[in-house]
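Structural overview for review
Here's the letter readout for the chains.
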Amino acid sequence: MLQRGQSYYRAFQIVAECNEPGLSYPAYFLLAHAIEVILKSYLVAKGTPKPALGRGQLRHDVGLVFAECEKQGLVVAHQLIKPLANQIAHINQDYDLRYPTGFISSIPGPRHYIEAVDELLALITPIVSQAAIMAKIRHDADTRHLRGSKIRWSD
């Protein structure tokens, strides 16, 4: 999930660098989705099952996802992340970043948030990476007895 969030964040940076009229909504959609997935990767690293992230209030509400991360111990020093998460949640409450609903965006230009999101990534990446390594070790230990066997995976 973290890698996917980083990909959306990089796409946001590319679109934001274009500085073309009419690209602000696509840029903010990419930013919103990047932050959502990055934060959700933190929740998964802390033990939240992935299916639980798509249910209930958390779904695409970046403000609530951020609040849940804080409940699970995330402390972000940069002062813009929390207001950004809440503003994105407000703007996107009717999915206006995806579908036109008449909402008028009044947040600063996308480049304004790059430093804050970079700091968020720097904070979350080691936590998620360590959890991924531990999950791989557990998986390898749990499936050690299957080595050399043909396995048919099914979801």
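Attention in this report is confined to the structure presented alongside it.

The rules behind these values
Residues numbered from 1 in each chain as written. Predicted model: local features only at pLDDT ≥ 70, side-chain atom pairs only at ≥ 80, totals over all residues. Heavy atoms only, no water. 1 Å grid on protein atoms, 1.4 Å probe; cavity = no way out; pocket = protein on both sides within 12 Å on 5 of 7 lines; lining within 4 Å. Points joined across faces, edges and corners; volume = space filled by probe spheres on them. Helix = DSSP H or I, 4+ residues; strand = E, 2+ residues; numbered from the N terminus. Core = buried A, V, L, I, M, F, W, Y, C linked by side-chain atoms within 4.5 Å. Buried < 20%, exposed > 50% of the residue type's maximum accessible area, 1.4 Å probe, protein only. Contact = heavy atoms within 4.5 Å. Patch = residues over 30% accessible without salt bridge, like charges linked within 9 Å, V, L, I, M, F, W, Y side chains within 5 Å. Areas by Shrake-Rupley, 256 points an atom, 1.4 Å probe, with all protein chains shown as cover. Salt bridge = Lys/Arg side-chain N within 4 Å of Asp/Glu carboxyl O. Axes fitted to C-alpha atoms, helices over the stretch in contact; angles between N-to-C directions. Parallel < 35°, antiparallel > 145°, perpendicular 65-115°, else oblique. Left-handed = near helix turned anticlockwise from the far one by under 90°. Phe/Tyr/Trp six-rings, centres within 6.5 Å; stacked < 30°, edge-to-face > 60°.

Below, the discussion takes up the layout of surface pockets. Considered as a void within the structure, the largest pocket measures approximately 200 Å³ in volume. Met1, Leu2, Gln3, Arg4, Ser41, Val44, Ala45, Lys50, Val128, Ala131 and Ala132 together form the lining of the largest pocket. Going through the elements one at a time, α1 (2-18), α2 (24-45) and α5 (114-142) are the ones with two or more residues in the lining of the largest pocket.

What follows is about the nonpolar core. Nonpolar side chains tend to gather and get buried jointly when the protein is soluble and globular. Membership of the largest hydrophobic core comes to 37 residues, with the highest contact counts inside it found for Leu31, Ile35, Leu39, Leu74, Leu120 and Ile124. A per-element tally of this core places α2 first, with 11 residues. The contacts of Ile124, once residues within four sequence positions are left out, are Leu2, Ile38, Leu39, Ser41, Tyr42 and Leu74.

Here we come to a nonpolar patch on the surface. A cluster of nonpolar side chains, namely Ile133, Met134 and Ile137, defines an oily patch on the protein surface of about 280 Å² accessible area. Here Ile137 is to be found in helix α5.

With that out of the way, let us pick up the pattern of salt bridges. Under the defined criterion, the tally for this structure stands at 3 salt bridges. Glu36 serves as the salt-bridge partner of Lys40, at 2.9 Å between the closest nitrogen and oxygen. Placement of the pair is Lys40 and Glu36 together in helix α2, with a separation of 4 residues, close to one helical turn. Of the two residues examined, Lys40 and Glu36, each falls in the buried class. We note a salt bridge from Lys82 to Glu70, for which the minimum N-O separation is 3.5 Å. Of this pair, Lys82 sits in helix α4 (residues 81-91) while Glu70 sits in helix α3 (residues 62-71); the two residues are 12 residues apart in sequence, bridging distant segments of the chain.

Quick look at the environment of Pro100 now. In this structure, Pro100 sits in the loop between α4 and α5. We classify Pro100 as exposed; its relative accessible area is 81%. Along the backbone, Pro100 and Tyr25 are 75 residues apart, and their C-alpha atoms lie at a distance of 9.6 Å.

The next subject is the side chain of Ser41. Relative to the helices and strands, Ser41 is located in helix α2. The exposure class assigned to Ser41 is buried, which follows from its relative accessible area of 3%. Setting aside chain neighbours within four positions, we find Ser41 in contact with Met1, Leu2, Ile124 and Val128.

Turning next to the packing of α1 against α2. The angle between the axes and the distance between the axes are what describe a pair of packed helices. Packing of α1 against α2 brings their axes to within 8 Å, and their N-to-C directions diverge by 160°. By the angle class used here, α1 and α2 are roughly antiparallel. Once α1 is placed against α2, the crossing between them reads as left-handed. Every residue of α2 that contacts α1 at Leu2, Arg4, Gly5, Gln6, Tyr8, Tyr9, Ala11, Phe12 and Val15 is listed here: Ala27, Leu30, Leu31, His33, Ala34, Val37, Ile38 and Ser41.

Tallying each qualifying case throughout the model produces 1 aromatic pair. Seen from their ring centres, Tyr9 and Phe12 are 6.0 Å apart, and the 20° between their planes marks the pair as stacked. Note that Tyr9 and Phe12 are positioned in helix α1 at a spacing of 3 residues, about one turn of the helix. When sorted by exposure, Tyr9 lands in the same class as Phe12, which is buried.

Structurally, Arg144 is set in the segment after α5. Judged by relative accessible area, Arg144 falls into the exposed class, the value being 52%. Placed 95 residues apart in sequence, Arg144 and Pro49 show a C-alpha to C-alpha distance of 23 Å.

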